[in-house]
Amino acid sequence: MSNPLDVKRLADRYLAQWNEPDPETRSALVRELWTSDAVHVLVDPPQEIRDAAAALAVPAPPLEAHGHDALDARVTRAYEMFVAAGEHVFEIVGEPSVLLAGVLGIRWSMVTTGGRETVGGGFDVLSVDDGGRIRTDHQFIGAT
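An account of the accompanying structure is given in this report. Just so it is clear, the structure is predicted and the values come from calculations on it, not from any experiment. The numbering scheme is per chain: residues are counted from 1 as the chain's sequence reads. For this predicted model, a pLDDT threshold of at least 70 governs which residues receive local features, and a threshold of 80 or more governs which side-chain atom pairs are given and counted, while totals over whole chains, interfaces and linings are taken from all residues. Note that water and hydrogens are dropped before the side-chain values are worked out from all heavy atoms of the structure.

1. A few points about the overall build of the protein chain
Only DSSP runs of H or I reaching four residues or more are called helices, and only runs of E reaching two or more are called strands; each is numbered from the N terminus. Within the protein chain, the secondary structure is distributed over 4 helices and 7 strands. Its helices and strands taken in sequence order, the protein chain reads α-α-β-α-β-α-β-β-β-β-β from the N to the C terminus. Each principal axis of the C-alpha distribution contributes one length, and for the protein chain these read about 45 × 35 × 30 Å. With an accessible surface of roughly 7800 Å², the protein chain has 56% of that area assigned to carbon and sulfur atoms. We count Lys and Arg on the positive side and Asp and Glu on the negative side, and we leave His and both chain ends out. Just so you know, the charge point we use is NZ for Lys, CZ for Arg, CG for Asp and CD for Glu. In the protein chain, 12 side chains carry a positive charge and 22 a negative one; their mean positions are 2 Å apart. Note on areas: these come from Shrake-Rupley sampling with a 1.4 Å probe, and a residue is covered only by the protein chains present in the view.

2. Quick word on the side chain of T35
Position of T35 relative to the elements: it lies in strand β1 (residues 34-42). Here the side chain of T35 touches D37 through a polar contact of 3.0 Å, side chain to side chain. Throughout, a residue-residue contact means that at least one pair of heavy atoms, one from each residue, lies within 4.5 Å. Once you skip the residues sitting within four places of it in the chain, T35 turns out to touch H68, D129, R133, I134 and R135. Think of a polar contact as two N or O atoms within 3.5 Å of one another; within protein, one of them needs to be a possible hydrogen donor and the other a possible acceptor, and neighboring residues in sequence only count if both atoms come from side chains.

This is the structure in structure tokens:
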């Protein structure tokens, strides 16, 4: 994955799954992009989850989705929450970065569809197998 064209193509396809309106196409993208045992980790969960964990006197755990079915559910839910209404879309910010062999970073924003105003964003660290499929995705929401 050190070839910039391969990295850019993977980053574009990765982001496309989060914006894809057709459920069958979205599911197919998940199965094409991710290994069957892949894991998506939301490293810094939403505040309400951190608050609930703190109330139990435990550190807030990362949230994880394992395997194609769980990844499909995670991507679908994000689409329903943030994109489906037509007010927002996810976009890559800058160029994806090769961090190490087989590890890349993708900075992204959620922008309004009308004025392209940034209303959120984050940074994802993807590890990929030799075939360029995602093994792990550590997602940092709000990272700048």
